[in-house]
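Chain residues, written in single-letter form:
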Amino acid sequence: MMFSWILISLLVGFLKAQESHTVVYAQIGGTATLPRQAWGSKDNVYVNWYRGSDNNPTISRNPQSGNTKGKDATTRASLLSDFSLQISPVQDFDFEVWRCEQHELNSKSSKTYRLYRVTIPKVPALMVGESLSLECKLEPSSAQPTVTWIPPGNSDCQQMPPIIRKTISVTDVSRCHSGVWTCKVEYDKNMRKMREAVATTIVSVIELSPSPPIYTSLFSKVNIPCSLSSNIPWSVLNETGLQGGSWSFSPLSNQNEQQPLLRLTVGPVVRWDVTPGTNSSVMGRELKDQDLSIRELPVSEKIRGKYNCNLKFNSKTLSSEVKVEVLQVSSSLGPRLYEGQMVNLTCTLGHPLDPDLTVKWTCRSCSTLPSSPFVSIPEVKMEHGGQWKCELLKNGKTLTYAVLSLKIEKAPVDIWLCVAISSGVVLFILLLVIAIIGIRRHKQMMMYRRRKTRFCCCKTPQPKGFYKT
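First, a word on what this report is: a plain description of the structure on this page.

Definitions and limits used
Residues numbered from 1 in each chain as written. Predicted model: local features only at pLDDT ≥ 70, side-chain atom pairs only at ≥ 80, totals over all residues. Heavy atoms only, no water. Helix = DSSP H or I, 4+ residues; strand = E, 2+ residues; numbered from the N terminus. Buried < 20%, exposed > 50% of the residue type's maximum accessible area, 1.4 Å probe, protein only. Contact = heavy atoms within 4.5 Å. Areas by Shrake-Rupley, 256 points an atom, 1.4 Å probe, with all protein chains shown as cover. Core = buried A, V, L, I, M, F, W, Y, C linked by side-chain atoms within 4.5 Å. Phe/Tyr/Trp six-rings, centres within 6.5 Å; stacked < 30°, edge-to-face > 60°. Pairing = 2+ DSSP bridges. Axes fitted to C-alpha atoms, helices over the stretch in contact; angles between N-to-C directions. Salt bridge = Lys/Arg side-chain N within 4 Å of Asp/Glu carboxyl O. Disulfide = S-S within 2.5 Å.

Examining the overall build of the chain
(1) Moving on: Check the secondary structure of the chain and you find three helices and 32 strands.
(2) Moving on: Burial status across the chain gives 36% buried among its 469 residues.
(3) Moving on: Intrachain contacts of the chain at a sequence separation of at least 6 include 57% that bridge at least 24 residues.
(4) Moving on: Carbon and sulfur atoms make up 55% of the accessible area of the chain, which amounts to about 29,200 Å² in all.

Comments concerning the nonpolar core
(1) Moving on: Counting 80 residues, the largest nonpolar core has Trp247 and Tyr307 as the members making the most contacts within it.
(2) Moving on: One finds Leu345, Leu357, Val375 and Leu406 within the second-largest nonpolar core, a separate group that totals 22 residues.

A short note on the packing of aromatic side chains
(1) Moving on: In total, this model carries five aromatic pairs according to the counting rule given.
(2) Moving on: Summarising the aromatic geometry, the rings of Tyr25 and Tyr116 are spaced 5.8 Å apart at their centres and angled 45° between planes, so their arrangement reads as tilted. With Tyr25 in strand β1 (residues 22-26) and Tyr116 in strand β9 (residues 107-119), this residue pair connects regions lying 91 residues apart in the sequence. A single burial state applies to Tyr25 and to Tyr116, both of which are buried.
(3) Moving on: Judged by centre distance (6.4 Å) and plane angle (75°), the rings of Trp361 and Trp388 are edge-to-face. Placement of Trp361 in strand β29 (residues 357-363) and of Trp388 in strand β31 (residues 386-394) is noted, with a sequence separation of 27 residues between them.

A short note on the sheet that holds strand β32 (residues 397-409)
(1) Moving on: Strand order in the open sheet formed by four strands is β27-β32-β31-β29, with mixed pairing between adjacent strands. Edge strands, defined here as strands with exactly one partner in the open sheet, are β27 (336-338) and β29. Strand-to-strand twist in this sheet, taken as the mean axis angle between neighbours without regard to direction, amounts to 30°.
(2) Moving on: As paired elements, β29 and β31 share seven bridges and run antiparallel to each other. Each residue of the ladder has a partner; that of Cys363, found in β31, is Trp388.

Topic: the pattern of salt bridges
(1) Moving on: Enumeration over the complete set of coordinates arrives at 16 salt bridges.
(2) Moving on: A salt bridge links Arg195 to Asp188, with the nearest nitrogen and oxygen atoms 3.8 Å apart.
(3) Moving on: You can call Arg195 buried: its relative accessible area is 16%.
(4) Moving on: A salt bridge links Arg271 to Asp273; the nearest nitrogen and oxygen atoms lie 2.7 Å apart.
(5) Moving on: According to the relative accessible area criterion, Arg271 is partly exposed, its value standing at 28%.
(6) Moving on: You can call Asp273 partly exposed: its relative accessible area is 22%.
(7) Moving on: Because the salt bridges share partners, they merge into one network encompassing Asp92, Arg114, Arg117 and Glu139.

Here we look at the state of the cysteines
(1) Moving on: Scanning all chains against the criterion turns up five disulfides.
(2) Moving on: Across the disulfide from Cys157 sits Cys176; the S-S distance is 2.1 Å. Since a negative S-S torsion denotes a left-handed disulfide, the Cys157-Cys176 link at about -80° is left-handed. Note that Cys157 is positioned in the loop between β13 (146-150) and β14 (167-170) and Cys176 in the loop between β14 and β15 (179-187), a separation of 19 residues in sequence. Pair check on accessibility: Cys157 and Cys176 agree, each one buried.

Structural notes on the pairing of β32
Here is the key point about a regular strand: its side chains alternate between the two faces of the sheet.
(1) Moving on: Bridge count between β27 and β32: three bridges; the pairing is parallel. Looking at β32, one finds that Leu337 is bridged to Ile408.
(2) Moving on: Note: β31 against β32, nine bridges, orientation antiparallel. Across the sheet, Glu391 pairs through a bridge with Tyr401, a residue of β32.
(3) Moving on: Connecting β31 to the antiparallel partner β32 that follows it, the hairpin turn spans two residues, and Asn395 within it adopts a positive phi of roughly 55°.

Observations concerning the environment of Asn67
(1) Moving on: When you line up the elements, Asn67 lands in strand β5 (residues 66-69).
(2) Moving on: On the accessibility criterion, Asn67 (48% relative accessible area) is partly exposed.
(3) Moving on: Separated by 11 residues in the primary sequence, Asn67 and Ser78 have C-alpha atoms spaced 8.7 Å apart.
(4) Moving on: Among all residues touching Asn67, those that are not within four sequence positions of it are Ser60, Arg61 and Leu79.

What follows is the structure, given as structure tokens:
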């Protein structure tokens, strides 16, 4: 009976000794702060921090000489402004008892701390649509911690609320779930200030980022974007079952047609290779990051349409579509005009504009111009020459612009005069020739009549009794 009481007393003493330690939670690789208990005069107090049962301090504060680190170079320790101990980064051998001893003159104070682990098992890269499970594991202690999961705050996604639970599950993950997930541990609620520790893990979701339409203009080059939503190494993608990928193009004139452009070669070197027989200006290149874009494609009317970027895995194929719009300004009579002519200018994407798109015309001598894709000039003047700029707007923001240079010349009066004179001369010569031909024909008719008259006179009979002498 006496022996049992002795055991119980020892157990209670051990638990009390354990509970006497101030609990501090931290994650390997993170930062841990062991708060110094305010004691003595801040200007005169000596502070020594010890690891476990070591007699040599890890770091010390001397009012005269300042801070001094001990021979223990394995722990990256430093003192804060209030002489609290900060360990960063926390290493596996740092999870033990720490002791803070303070003294001023003949007075002494001692306090112990215990560093406990916060562990988050690593999650492999997930395909979009799969399920995510996260667990925040806490090493048992005398504290009663509360665990809250804070999802990543991606700017282009709806903010997800915190989840008060050690283990969470998310179904049908998307790019909005990729990023840094934070496990916040709150404990020592009975203290004047609640203590907390944070642990983080990175979740990578394999998905192609969506891209808005690309608006560009002629005589330039454009990049057609395609990228992974998370910065995932190619080695991880290969482990996930990457088989290949491709780029294809559906022209605006025939969106049911798909023209192959590039194909992905997977191996030690990952690169885009031009598909044989491709009638396009796309270029192959080596890929070193998650950027899968088509680079520096020359802009012309022929590139209008939809581009499809695909990555093929064992389980599914990821696709991203990019629409490319090319703005063009043209003149019904070409860029060279004469004064007095009528001309129509057109600003177009090759199809009617969407309701949320507008155009804005500007030129050197124009005061007001209609916000219409079409501008009609009934009579061209010299001041209409120069650059005509057409901006494509959406909600007041310029998407792109195109420029047309008009060259106005005076009407070629001298040439028309020469043409008129030449025509008159030709007409005069023609009339002269006709007159000459008419006169000659008239003369020929007169000669014919005279000959006929003479012939008739020779055959007239002589009267009887007439004798020639």
